[in-house]
Amino acid sequence: MIKISTINEAISNNEVQALDSSIYNGHEKILFCKDTSTNLKAIIAVHSTKLGPGLGGCRMWDYKNQNEALNDVLRLSRGMTYKASITGLNLGGGKAVIIGDSKKDKTKKLMESFGEFVESLGGKYITAEDVGMNPADMKDIRTKTSHVVGTPKEMGGSGDPSIVTAYGVYMGIKGSAKFRWGNDNLQNKKVFVQGVGKVGGFLIDYLKKDGCEIIINDIDIEKMSEIASNKNVNIVTENEMFNKSYDIYAPCALGATLNDENIEALKCEIIAGGANNQLEKEGFHDVLLKKKNILYAPDFLINAGGLINVYSELKKWDNEKTLRMTENIYDTTISILKRSEEEDISTHKAALSIAKERLNK
Ligand code: NAD
């Protein structure tokens, strides 16, 4: 097993060829994990432990190269610090990525090997589910470390956090609607849900109950068709999806969909979804959205339901308390949108400054 524990060692061993200093700046620890016996290649990033241990899911994705994986994990772990802070949880920010196709490359041994690396951090990082991972994987990881949450309910864990994430996103959408339209009734609102995995799938259920008209897209064509027929929603093709008009765009796939090209094309009033790191360039694309008069509900604020759910596993909260905490996202969203208006700053900047205020206290 090869373990590289500092970024400098990683550079000198040519593990990482091109590092953009601005994104790894400020991280407390980055662990490059390689286990030749299980083919594990992973990176664990701990951005901050100021408010508590760095808790954040592990993403398994078929990255094009290691730099793409590094970029992703650093952006994600930093986002977790601000997510925990703005939500008022005593947690820091951390995240992990495993390089590989979760449908083909995932094995029990691979999960166990990842668990050993998590254990080696002695609790500085606590793992959970993200894209490509599920509660059964957490169970396998648990055999090697206790620093894991989101384990199956039958093991006493909090189970899959996605449903609570989706509930929080739904609260964020309603809060945004109230701010924008003076009313949070979503009846007949046209919503584009991009990415119909765990979070997107549950979100559709909440929105349908409120009478929304749902349009979906997913790169997994089979899954998209299945959801469209099971949930009775319409599909929009990848080529067409940003040419149509919507009331609400809910990004629920991977990050960086709020970029030059898509923002130029977008015709909607509100953007509020579950995906992490929706803005390709923070401080630029959020400002561009403000100029276009599109209300952007900051991702790390409204997708915190899953984090609240796994935190409840650590704190032994009951379901009712977890849902009550998640419902607070409605009021927090409105207060951040108000602050952005009063201070004439982007909604992302308003959310970030509130998260930083707590961190700096
Ligand atoms: P998932 O793997 O279940 O679903 C993601 C879906 O997005 C998949 O169906 C995938 O095919 C699709 N997808 C990927 N790239 C796409 C693209 N370019 N266009 C359209 N579809 C695409 O993952 P999930 O758990 O639902 O997470 C979705 C997002 O929400 C991620 O960004 C994740 O980090 C974020 N998030 C998840 C949770 C959670 O509790 N699961 C919590 C907070 C944030």
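Cut-offs applied
Residues numbered from 1 in each chain as written. Predicted model: local features only at pLDDT ≥ 70, side-chain atom pairs only at ≥ 80, totals over all residues. Heavy atoms only, no water. Domains from an automatic or database assignment. Contact = heavy atoms within 4.5 Å. Buried area = accessible area lost by both parts, 1.4 Å probe. Phe/Tyr/Trp six-rings, centres within 6.5 Å; stacked < 30°, edge-to-face > 60°. Helix = DSSP H or I, 4+ residues; strand = E, 2+ residues; numbered from the N terminus. Buried < 20%, exposed > 50% of the residue type's maximum accessible area, 1.4 Å probe, protein only. Lys NZ or Arg CZ within 6 Å of the ring centre and 35° of its normal. Polar contact = N/O pair within 3.5 Å; in protein donor to acceptor, adjacent residues only side chain to side chain. pLDDT = per-residue confidence, 0-100. Pairing = 2+ DSSP bridges. Right-handed = clockwise from strand over helix to strand, strands pointing away. 1 Å grid on protein atoms, 1.4 Å probe; cavity = no way out; pocket = protein on both sides within 12 Å on 5 of 7 lines; lining within 4 Å. Points joined across faces, edges and corners; volume = space filled by probe spheres on them. Nonpolar A, V, L, I, M, F, W, Y, C, P; charged D, E, K, R; others polar. Axes fitted to C-alpha atoms, helices over the stretch in contact; angles between N-to-C directions. Left-handed = near helix turned anticlockwise from the far one by under 90°. Salt bridge = Lys/Arg side-chain N within 4 Å of Asp/Glu carboxyl O. Near = heavy atom within 4 Å. Areas by Shrake-Rupley, 256 points an atom, 1.4 Å probe, with all protein chains shown as cover.

Draft legend 1. Summary view of the domain arrangement of the protein chain. The assigned domain composition of the protein chain is domain 1 (2-77 + 91-159) and domain 2 (163-360). Distance between the C-alpha centres of domain 1 and domain 2: 25 Å. Contact residues are listed per partner, giving 25 residues for domain 1 and 19 residues for domain 2. For the pair domain 1 and domain 2, the two sides together bury roughly 1,700 Å², of which 56% comes from carbon and sulfur.

Draft legend 2. Quick look at the packing of aromatic side chains. Summed over all chains, the structure comprises 9 aromatic pairs. Considering the side-chain rings of Tyr 82 and Phe 300, the 6.4 Å spacing of their centres and the 55° angle between planes classify their relative orientation as tilted. Taken as a pair, Tyr 82 in helix H3 (residues 66-87) and Phe 300 in helix H11 (residues 299-302) lie far apart in primary sequence, 218 residues in all. Assigned by exposure class, Tyr 82 and Phe 300 land together as buried. Geometrically, the ring pair formed by Phe 192 and Phe 242 is edge-to-face, given 6.1 Å between the ring centres and 80° between the ring planes. Here Phe 242 lies in the loop between strand E10 (234-235) and strand E11 (248-251) and Phe 192 lies in strand E8 (residues 190-194), a separation of 50 residues in the sequence. Each member of the pair Phe 192 and Phe 242 is classed as buried. Positioned above the aromatic ring of Trp 181 is the side chain of Lys 189, whose terminal nitrogen or guanidinium carbon lies 4.0 Å from the ring centre. Of note, Lys 281 hangs over the ring of Phe 284, and the distance from its end group to the ring centre comes to 5.1 Å.

Draft legend 3. A look at helix H5 (residues 135-142). Restricting attention to buried positions, one finds in H5 the residues Pro 135, Asp 137, Met 138, Asp 140 and Ile 141. For H5, the side-chain oxygen to backbone nitrogen distance between the N-cap and Ala 136 is 3.0 Å, and the N-cap itself is Asn 134.

Draft legend 4. Up close: the confidence of the model for the protein chain. Mean pLDDT over the protein chain works out to 93, with 93% of the residues at or above the 70 mark. Low pLDDT, under 50, characterises residues 1-6; the stretch is placed with 21 contacts to residues that sit more than four places away or in other chains.

Draft legend 5. Spatial organisation of the pairing of strand E9 (residues 213-217). Counted residue by residue, E9 has 4 buried out of 5 residues, so it is predominantly covered. In the sheet, E8 pairs with E9 via 5 bridges, with the strands oriented parallel. Directly across from Lys 190, in E9, lies its bridge partner Glu 213. Read as a crossover between parallel neighbours, the route from E8 over helix H7 (residues 198-209) to E9 is right-handed. Judged from the 2 bridges that link them, E9 and E10 form a sheet pairing that is parallel. Its bridge partner lying in E10, Ile 215 is registered against Asn 234. Chirality of the crossover, the property in question, places the unit of E9, helix H8 (residues 221-231) and E10 among those that are right-handed.

Draft legend 6. Quick look at the layout of surface pockets. Its volume calculated, the second largest pocket comes out at about 440 Å³. Listing elements by their share of the lining of the second largest pocket, those giving two or more residues are strand E5 (58-61) and H3. Ranked by residue count, the leading element in the lining of the second largest pocket is H3, at 4 residues. In the lining of the second largest pocket, the residues fall into 4 nonpolar, 3 polar and 7 charged.

Draft legend 7. Fine view of the packing of helix H6 (residues 162-181) against helix H13 (residues 319-343). Direction vectors running N to C along H6 and H13 enclose 35°, while the axes themselves pass 8 Å from each other. Classified by chirality, the crossing of H13 by H6 is right-handed. For the pair H6 and H13, contact is made by Val 164, Tyr 167, Gly 168, Met 171, Gly 172, Lys 174, Gly 175, Ser 176, Lys 178 and Phe 179 and by Thr 322, Leu 323, Thr 326, Glu 327, Ile 329, Tyr 330, Thr 333, Ile 334, Leu 337, Lys 338 and Glu 341, respectively. The residue makeup of the contact of H6 with H13, split by class, is 9 nonpolar, 7 polar and 5 charged.

Draft legend 8. Focus on the pattern of salt bridges. Scanning all chains against the criterion turns up 19 salt bridges. Taking the shortest distance from any N to any O, the salt bridge between Glu 282 and Arg 78 comes out at 3.1 Å. Taken together, the residues span a long stretch of sequence, with Glu 282 in the loop between strand E12 (270-271) and helix H10 (285-291) and Arg 78 in helix H3 at a distance of 204 residues. A salt bridge links Glu 269 to Arg 180; the nearest nitrogen and oxygen atoms lie 3.3 Å apart. Of this pair, Glu 269 sits in the loop between helix H9 (260-265) and E12 while Arg 180 is found in helix H6, placing the two residues 89 residues apart along the sequence. Members of the salt-bridge network, linked through shared partners, are Arg 59, Asp 72, Lys 95 and Asp 130.

Draft legend 9. Representation of the site of the ligand in the model. Neighbouring residues of the ligand: 25 residues in total, closest Thr 165, Asp 218, Lys 223, Ala 253 and Asn 276. A distance of 2.9 Å separates an oxygen atom of the ligand from a polar side-chain atom of Asp 130. One of the side-chain nitrogen or oxygen atoms of Thr 165 is found 2.7 Å away from an oxygen atom of the ligand. Out of a free accessible area of 830 Å², the ligand has 89% covered by protein chains. Of all the elements in the fold, those that place two or more residues in the shell around the ligand are E5, H6 and H7.

Draft legend 10. The arrangement of empty space enclosed by the protein in detail. Per the stated rule, a full pass over the model turns up 3 cavities of 30 Å³ or more. Each pocket or cavity is described by its volume, and for the largest cavity that value is around 130 Å³. Lining of the largest cavity is provided by 17 residues; of these, Gly 79, Asn 277, Glu 282, Asp 299 and Phe 300 occupy positions nearest its centre. For the lining of the largest cavity, the secondary structure elements donating two or more residues are H3, H11 and helix H14 (347-360). The dominant element in the lining of the largest cavity, judged by the number of residues it contributes, is H3, at 7 residues.

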